[in-house]
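Structural overview for review
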Amino acid sequence: MDDLRRVLSRYGFPGDRERFEDELAAAVGASPTNDFEGAAAVVRAYRHRVQIRNSPEIMAALEDARAGGSGT
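Residues numbered from 1 in each chain as written. Predicted model: local features only at pLDDT ≥ 70, side-chain atom pairs only at ≥ 80, totals over all residues. Heavy atoms only, no water.

**Here we look at the packing of aromatic side chains**
We apply this condition: Within 6.5 Å between ring centres, the rings of Phe, Tyr and Trp (the latter by its six-membered ring) count as paired, and their orientation is classed by plane angle as stacked under 30 degrees, edge-to-face over 60, tilted in between. Every helix listed is a DSSP run of H or I at least four residues long, and every strand listed is a run of E at least two residues long, numbered separately from the N terminus. Relative accessibility decides the category of a residue: with a 1.4 Å probe and only protein chains considered, values under 20% of the type maximum give buried, values over 50% give exposed, and everything between is partly exposed.
Counted according to the given criterion, the structure contains 1 aromatic pair. Centre to centre, the rings of Phe-20 and Tyr-46 are 5.4 Å apart; their planes meet at 70°, and the pair counts as edge-to-face. Here Phe-20 is found in helix H2 (residues 16-30), whereas its partner Tyr-46 is found in helix H3 (residues 37-53), with 26 residues between them in sequence. Neither residue differs from the other here; Phe-20 and Tyr-46 are each classed as buried.

Printed below as a string of structure tokens:
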């Protein structure tokens, strides 16, 4: 998780690191003892966000959509 924290701080979307910490704490706090499925789901979601952020193809598609989806 330390690696994910470092990556979020450097490559995540603005505010990702703080939201990750908040959501992780909430998931751990809501989980019964020895049930880390909620925390694992948070980790997977933020790992995916970093992958999106670092994909030139996905970021180009997001920019295109933001610009009105003209595609040209």
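From this point, the narrative continues.
**Examining H2**
Applied cut-off: Here the expected span of a helix is defined as 1.5 Å times the quantity of residues minus one. Arc, as used here, means the arc of the directions from the helix axis to the C-beta atoms.
Look at H2: 21 Å from first C-alpha to last across 15 residues, which is about the 21 Å you get at 1.5 Å a residue. Listed as buried for H2 are Asp-16, Phe-20, Leu-24 and Ala-27. The buried residues of H2 occupy an angular sector of 65° when the element is viewed end-on, so they sit on one face. Facing away from the buried side of H2, by more than 90 degrees, are the exposed residues Asp-22, Ala-25, Gly-29 and Ala-30.

**A few points about the pattern of salt bridges**
The cut-off we apply is this: Salt-bridge detection follows one rule: a side-chain nitrogen of Lys or Arg within 4 Å of a carboxyl oxygen of Asp or Glu.
For the structure on display, the rule yields 8 salt bridges. Between Arg-19 and Asp-16 there is a salt bridge, with its nearest N and O atoms 3.2 Å apart. Taken together, the residues Arg-19 and Asp-16, both in helix H2 and 3 residues apart, mark about one turn of the helix. What makes Arg-19 partly exposed here is its relative accessible area of 37%. Between Arg-49 and Asp-16 there is a salt bridge, and its shortest N-O distance comes to 2.9 Å. With Arg-49 in helix H3 and Asp-16 in helix H2, this pair connects stretches of sequence that are 33 residues apart. Given a relative accessible area of 0%, Asp-16 falls into the buried group. Salt bridges here are not isolated pairs; linked through shared partners, they connect Asp-2, Arg-5, Arg-17 and Glu-21.

**Quick look at the nonpolar core**
Quick note on the threshold: Here, the term nonpolar core denotes a set of buried Ala, Val, Leu, Ile, Met, Phe, Trp, Tyr and Cys residues that are joined through side-chain atoms within 4.5 Å. In what follows, residue pairs with any heavy atoms lying within 4.5 Å of each other are defined as contacts.
By size, the foremost hydrophobic cluster in this structure holds 9 residues: Leu-4, Leu-8, Phe-20, Leu-24, Ala-27, Ala-39, Val-42, Tyr-46 and Val-50. Those elements that provide at least two residues to this core are helix H1 (2-11), H2 and H3. Among the elements that make up this core, the one with the highest residue count is H3 (4 residues). Apart from residues lying up to four places away in sequence, Val-50 is in contact with Leu-4, Val-7 and Leu-8.

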